[in-house]
Every structure is written in structure tokens, then in C-alpha cells.
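What follows is each chain in one-letter form.
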Amino acid sequence: QVQLVESGGGLVQPGGSLRLSCAASRTIFTLYATGWYRQAPGKQRELVAVITSGGGTRTADSVKGRFTISRDSAKNTVSLQMNSLKPEDTAVYYCYAVERPFSGPVWGQGTQVTVSS
């Protein structure tokens, strides 16, 4: 089973930027899909962005135009560049991977993102 390790969370002011990274224990291109979910206190976990093995991407409407997902095959990482952050973006962000079609997701440990002045 692939292992995922996130980094890059922290505290940022509204309007600021953060970059989250997720390092995978195997080649990114062999994974069916990788991406990010987030969970705010008292809310359900929601999809933020996903990138497929073929390179297709999808982002949630709530972050479209502000967040960008990308991958680095040399480093086996998937990154989430977050710009123009808002207080409502505050959440624990989880990296996830689906190793093959119809398999369940594998989760990282999560990283806290707090947007506050």
C-alpha cells in the first residue's frame, strides 16, 4: 500500500498563500488518482482537488481560480498551491491516493491550515 506524507500547512493571513506537498512512497504516475480533501470543524470532509494518472485535474468550485493541483514525477509529490486564502479555507487538509480503479482511498496524516488575521 502506498504511503503518503504531507507537509506545508500553517497559519497565514487572509489573502496569503500556502503550498502543501504530499510525498508518495511510489511513482505518482502509477496511482490511479491523487489529490486533496479538507475537513473543517463540524463539517464533512470535502474534495478540494484531484489529479488523475493521465494528468486530468478537477478542483472544487469553492477554490477554483485560487487553488492549483500539480505533480512532480521526479520527486513523487503532489502539490496544492493555495492563493488568495480566506478564513473559510481553514481546515485539516488530507492528501489521498487511489491506487487502482474501484479501490479505496489511502490517506495521509493531515496537515492543519489556518487562515486568520
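Now for a quick tour of the structure. (Residues numbered from 1 in each chain as written. Predicted model: local features only at pLDDT ≥ 70, side-chain atom pairs only at ≥ 80, totals over all residues. Heavy atoms only, no water.)

Further remarks concern the overall build of the protein. The helix and strand tally for the protein stands at zero helices and eleven strands. Scanning the protein from its N terminus toward the C terminus, one meets helices and strands in the order β-β-β-β-β-β-β-β-β-β-β. Computed over its C-alpha atoms, the radius of gyration of the protein comes to 13 Å, within 12% of the 13 Å expected for a compact globule of 117 residues. Seen through its principal axes, the protein has C-alpha atoms that stretch 40 × 30 × 25 Å. When each of the 117 residues of the protein is scored for burial, the buried share is 42%. Within the protein, contacts between residues at least 6 apart in sequence are counted, and of these 55% link residues at least 24 apart. (Helix = DSSP H or I, 4+ residues; strand = E, 2+ residues; numbered from the N terminus. Rg over C-alpha atoms; globule rule 2.2 N^0.38 Å. Buried < 20%, exposed > 50% of the residue type's maximum accessible area, 1.4 Å probe, protein only. Contact = heavy atoms within 4.5 Å.)

Alternating residues of strand β1 (residues 4–7) divide into L4 and E6, all buried, and V5 and S7, none buried. Relative to strand β3 (residues 18–24), β1 is paired through four bridges, and the arrangement is antiparallel. Residue E6 lies in a different strand from β3, and its bridge partner there is C22. (Pairing = 2+ DSSP bridges.)

Bringing the packing of aromatic side chains into the picture now. Evaluated as defined, the whole model comprises four aromatic pairs. Seen from their ring centres, Y94 and W107 are 6.3 Å apart, and the 85° between their planes marks the pair as edge-to-face. Of this pair, Y94 sits in strand β9 (residues 91–98) while W107 sits in strand β10 (residues 105–107), placing them 13 residues apart in sequence. Since its relative accessible area comes to 16%, Y94 is described here as buried. A relative accessible area of 33% places W107 in the partly exposed class. Aromatic rings pair up to connect Y37, Y94, Y96 and W107 into one cluster. Lying across the ring of Y94, R45 places its NZ or CZ 3.9 Å from the centre. (Phe/Tyr/Trp six-rings, centres within 6.5 Å; stacked < 30°, edge-to-face > 60°. Lys NZ or Arg CZ within 6 Å of the ring centre and 35° of its normal.)

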